[in-house]
Amino acid sequence: MDGSDPSEPGGQPTQQSGLRDFSTSSQVLADGDVFQGDKIQPESMPERESELGEIHSAIEPAARGENPRNLFIYGKPGQGKTAAVRLKREQFSQFADREDLDVTITYIECNSANKSYHVLTTALKKLKELNNKPRGRTIDNLYSEVFDYMNSHGGTYIYVLDEIDRIKDDDENDDLNILYKLPRAYSSEDLDDDIGCSVIGISNDRRFKSNLSPRIKDALYDTEVDFSPYTHENLRTILYRRAAKGLNDTEVIYKDGETAGLRSSVISESVIEACAESAERERGSARQAIDLLGQAATIAHDERDDEVSISHVKNAQQEVNKNYIKNMLNDHTSDDLLALCGVLYLESRAKTPARTNQIHEHYTTYAESVGDTPLVQRRMRDRLQDLSLTGVINMVKVVGGQRGGARWEVELAIPLDETVDILLNDDSYAEHYERIAEEIASEL
Ligand SMILES: Nc1ncnc2c1ncn2[C@@H]1O[C@H](COP(=O)(O)OP(=O)(O)OP(=O)(O)O)[C@@H](O)[C@H]1O
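Residues numbered from 1 in each chain as written. Predicted model: local features only at pLDDT ≥ 70, side-chain atom pairs only at ≥ 80, totals over all residues. Heavy atoms only, no water.

- As annotated in an unreviewed UniProt entry, the protein chain carries the name ORC1-type DNA replication protein and comes from Halococcus thailandensis JCM 13552.
- Recorded in UniProt for the protein chain, the comment headed Sequence similarities (unreviewed entry) runs: "Belongs to the CDC6/cdc18 family."
- What UniProt states about the protein chain under its Function (unreviewed entry) heading is, verbatim, "Involved in regulation of DNA replication." (UniProt positions renumbered as here; feature names shortened; annotations may be inferred.)

### Here we look at the site of the ligand
Here comes step 1: Neighbouring residues of the ligand: 22 residues in total, closest Gly78, Lys81, Thr82, Ala83 and Tyr230.
Here comes step 2: Contact distances for the ligand include 2.9 Å between an oxygen atom and a backbone N or O atom of Gln79.
Here comes step 3: Here an oxygen atom of the ligand and a side-chain polar atom of Thr82 are 2.8 Å apart.
Here comes step 4: When isolated, the ligand has an accessible area of 630 Å², and the protein chains bury 94% of it.
Here comes step 5: Going through the elements one at a time, helix H2 (81-99), helix H8 (232-246) and helix H10 (286-302) are the ones with two or more residues in the shell around the ligand.
Here comes step 6: Of the residues belonging to the shell around the ligand, the class tally is nine nonpolar, six polar and seven charged.
Here comes step 7: When residues of the shell around the ligand are sorted by domain, at least three fall in each of domain 1 (32-38 + 232-328) and domain 2 (65-227). (Near = heavy atom within 4 Å. Polar contact = N/O pair within 3.5 Å; in protein donor to acceptor, adjacent residues only side chain to side chain. Areas by Shrake-Rupley, 256 points an atom, 1.4 Å probe, with all protein chains shown as cover. Helix = DSSP H or I, 4+ residues; strand = E, 2+ residues; numbered from the N terminus. Nonpolar A, V, L, I, M, F, W, Y, C, P; charged D, E, K, R; others polar. Domains from an automatic or database assignment.)

### Describing the pairing of strand S10 (residues 406-412)
Here comes step 1: One ladder, built from two bridges, connects strand S8 (residues 354-355) with S10; its direction is antiparallel. Directly across from Ala354, in S10, lies its bridge partner Val410.
Here comes step 2: One ladder, built from seven bridges, connects strand S9 (residues 393-399) with S10; its direction is antiparallel. Paired with Val399 across the bridge in S10 is Ala406. (Pairing = 2+ DSSP bridges.)

### Describing the sheet that holds strand S3 (residues 156-162)
Here comes step 1: With parallel pairing, the five strands of this open sheet are ordered in space as S2-S3-S4-S1-S5. The open sheet has two edge strands with one neighbour each: strand S2 (103-109) and strand S5 (223-227). Going from strand to strand, the sheet's axes swing by 15 degrees on average, the running direction of each strand aside.
Here comes step 2: Sheet topology note: the S2/S3 ladder contains seven bridges and is parallel. Note on S3: the bridge partner recorded for Thr106 is Tyr159.
Here comes step 3: Packing of H2 onto the sheet brings it into contact with strand S1 (71-75), S2, S3, strand S4 (196-203) and S5, and relative to S2 it is tilted by some 155 degrees.
Here comes step 4: Across the face of the sheet, helix H3 (residues 116-127) comes into contact with S2 and S3 while running at roughly 135 degrees to S2. (Axes fitted to C-alpha atoms, helices over the stretch in contact; angles between N-to-C directions. Contact = heavy atoms within 4.5 Å.)

### Details of the pattern of salt bridges
Here comes step 1: Within this structure, the stated rule accounts for 19 salt bridges.
Here comes step 2: The residue Asp331 makes a salt bridge to Arg166 at a minimum N-O spacing of 3.2 Å. Placement of Asp331 in the loop between helix H11 (310-330) and helix H12 (334-348) and of Arg166 in the loop between S3 and helix H5 (178-181) is noted, with a sequence separation of 165 residues between them.
Here comes step 3: On the basis of relative accessibility, which here comes to 30%, the residue Arg166 falls in the partly exposed class.
Here comes step 4: In this structure, Lys326 and Asp426 form a salt bridge, with 2.9 Å as the shortest nitrogen-oxygen distance. Here the residue Lys326 occupies a position in helix H11, and Asp426 occupies one in the loop between helix H15 (416-425) and helix H16 (427-441), the gap between them amounting to 100 residues.
Here comes step 5: Owing to a relative accessible area of 26%, Lys326 belongs among the partly exposed residues under this scheme.
Here comes step 6: Classification of Asp426 as buried rests on a relative accessible area of 15%. (Salt bridge = Lys/Arg side-chain N within 4 Å of Asp/Glu carboxyl O. Buried < 20%, exposed > 50% of the residue type's maximum accessible area, 1.4 Å probe, protein only.)

Here it is as structure tokens:
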């Protein structure tokens, strides 16, 4: 093989052949990895100064040999919760090394450790630096092993439980629930008096707290920090720093220690503005803003352009929106999604804000069409409430209708076209929702 195009006499690749030359470099991208998922950890987060301060205050007692505070961090997706905790962990670990402090901060991703049992096996694997998680133990054994380890090694232990809302035990017994046990271990008989222990829980699910038993709530919620959605200005400065890292010939301009602008030959302020504006509209997610900029830069590179332009951003937008919406839908049950289909139908016919009885009518037809038993209106309204808590729809109570009573009004909070497109074409949804989505799409 000589790498030539066999379909062409003479073997030269052409535009028509659909083959593009590979390239080892890029006119715009200095390091595309900078925009990939959550691969790169920010070295500073000036937009989260006060939230970092709260994390700092919760951890710092450990430096004085006191027990650190339990902390609960809430915020919508992409608001820098994980990044902020990691940044503080890094900063504190360096300080602890310098000062020879015995503090262990263990980070556990509860998405894959979604039962108390799995959290404990993950904790043991990390604490004891095992190759695999321990197997075949009872939950009592695991608690004993974790506490024995802490008692015998001494020091202070901070457990970061990211996506803590994923922990759902089959056993309703609080005494065996990690969310009860760990935050109060410090004052229990499980740990020796000189051992410190606390929990930092991170969640993007507002429903989580309301579903906890009062005992767990009490144990877990010492201090709560809310990561409110990033503003347009926040997203702009986050994007400046990412652009300077990931794009060629681009640097942030600082004035008196503050971010003042961007100097670049491959991207203009207006393109950064467009990315920030789009992400702000979609609940101010930094992840989405960074994704969008990265996709736009990749399209510019693929097209062998020497600048990232607004039209690259527009092309990238649809793809990024779709990924974002898919992540949101993943968090919902089939009943939620059927109720959402009712909203989508009305939204596509410009009949929103809609009332629950209108949505229920379409929801019922859709549930029956896929062989599900429809919920009664009141229970379907609970499903709508769940969709509202994750930001898929807006749901407001309006007082003073025709009969003077209160009623709920609902409208879609995410882009209509992309949502319908996912239900219609995405492998995870199309099998169940394709027919329904076709009907909704018929008027788009
Ligand atoms: N202030 C910031 N400066 C630089 N990068 C940021 C900032 N905030 C967030 N990011 C980046 O945005 C992405 C999302 O952040 P992060 O994972 O911390 O969000 P999150 O709130 O934990 O989201 P989720 O609830 O979805 O897990 C990451 O790539 C992170 O590095």
